[in-house]
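Letter by letter, the chains look like this.
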Amino acid sequence: MGSFGGVSADAYARFMGRFSTPLAVPFAEVGLAGVPASASVLDVGCGPGMLTLELVRRRGAAHVAAVDPEPVFVAATAQACPGVDVRVAAAEELPFADDAFGASLAQLVVHFMTDPVRGVGEMARVTSPGGRVTACVWDHAGGGGPLSLFWQVAHRFDGDARGEAGLSGAAEGQLVDIFERAGLADVTQTVVESTVAFRDFDDWWAPFLLGVGPAGRYVGTLDAAGRQRLEGALRDELGAGPFSVTARAWTAVGTRT
Ligand SMILES: C[S@@+](CC[C@H](N)C(=O)[O-])C[C@H]1O[C@@H](n2cnc3c(N)ncnc32)[C@H](O)[C@@H]1O
């Protein structure tokens, strides 16, 4: 079972989709820049379809394909994006011919790949020569991710909490390195951001209890007292609200040779 096995599309949307939906706007802008309107584009690790929807808005469903290893997410994307070719697959083994797309994009996925260089290499293989490959990962290592405060406070009580800072691509320059090792040319790094407004503290906190991703799974390992202690410390940090959170993601862009 993958890193999002057992997570419903709705839980994902409430926990991470609230950040990745607005992030998809600037990310698609970067990933589609200069890509001809007639070219098909691929969303790798589509989840329940946050970036897929943005690609459909910009290019039309007939020009968009998407994959994710989680069947529940694939079903949700197929439902949200009728006409898109959505398949169950991992980045490391993409079920498409060489040169099939004008652009391949992976939003918040490389750090969950079993083999990031192979996954990005596959994205390059299915992209036509001169086409664009783009990926982003939250700035977990630099403290600019949407979960950075959560992990900072969790570490205060539990030095062994693993966090997400060590994941591939979460530190400055790492995605560029992965792209270059995967054989992409003219690789550059940029940053994309999203800002999300929260009504109050509970609006921010409640989705952490849904078991989504490493942070949700970590909360699930705590007993009631541990959860309350963590929640209380986070409430002290953030206040009652309303407030907004701005999160940034390292982004690499490369050209298929
Ligand atoms: C944080 S979610 C991002 C989903 C979506 N792209 C978004 O921006 O909301 C990470 C996604 O990567 C998928 N994933 C995990 N391992 C993968 C792999 N090896 N290849 C492709 N996708 C993978 C997960 O199933 C999950 O849907």
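Here, every reference points to the structure presented above.
Residues numbered from 1 in each chain as written. Predicted model: local features only at pLDDT ≥ 70, side-chain atom pairs only at ≥ 80, totals over all residues. Heavy atoms only, no water.

Peer 1: I'd like to hear about the site of the ligand, residue by residue, with values.
Peer 2: Around the ligand sit 20 residues, and of these Y12, S20, G45, D68 and Q107 come closest. In the model, an oxygen atom of the ligand is placed 2.7 Å from a nitrogen or oxygen of the S20 side chain. A distance of 2.8 Å is found between a nitrogen atom of the ligand and a backbone nitrogen or oxygen belonging to G45. Taking 590 Å² as the accessible area of the ligand by itself, protein coverage stands at 96%. Taken together, the residues that form the shell around the ligand break down as 12 nonpolar, five polar and three charged. (Near = heavy atom within 4 Å. Polar contact = N/O pair within 3.5 Å; in protein donor to acceptor, adjacent residues only side chain to side chain. Areas by Shrake-Rupley, 256 points an atom, 1.4 Å probe, with all protein chains shown as cover. Nonpolar A, V, L, I, M, F, W, Y, C, P; charged D, E, K, R; others polar.)

Peer 1: How would you explain the packing of aromatic side chains if you had to name every residue and give the values?
Peer 2: Counted by the stated rule, this structure contains 18 aromatic pairs. Judged by centre distance (4.9 Å) and plane angle (85°), the rings of F4 and F112 are edge-to-face. Within this pair, whereas F4 is found in the segment before α1 (9-32), its partner F112 is found in the loop between β4 (101-107) and α4 (116-125), the two being separated by 108 residues in sequence. Judged by its relative accessible area of 25%, F112 is partly exposed. An angle of 20° between the planes, with centres 4.9 Å apart, marks the rings of F150 and F208 as stacked. Remark: F208 occurs in the loop between α7 (201-205) and α8 (213-221) and F150 occurs in helix α5 (residues 148-157); sequence separation between them is 58 residues. (Phe/Tyr/Trp six-rings, centres within 6.5 Å; stacked < 30°, edge-to-face > 60°. Helix = DSSP H or I, 4+ residues; strand = E, 2+ residues; numbered from the N terminus. Buried < 20%, exposed > 50% of the residue type's maximum accessible area, 1.4 Å probe, protein only.)

Everything listed here is a matter of coordinates, which is why it stays silent on function.
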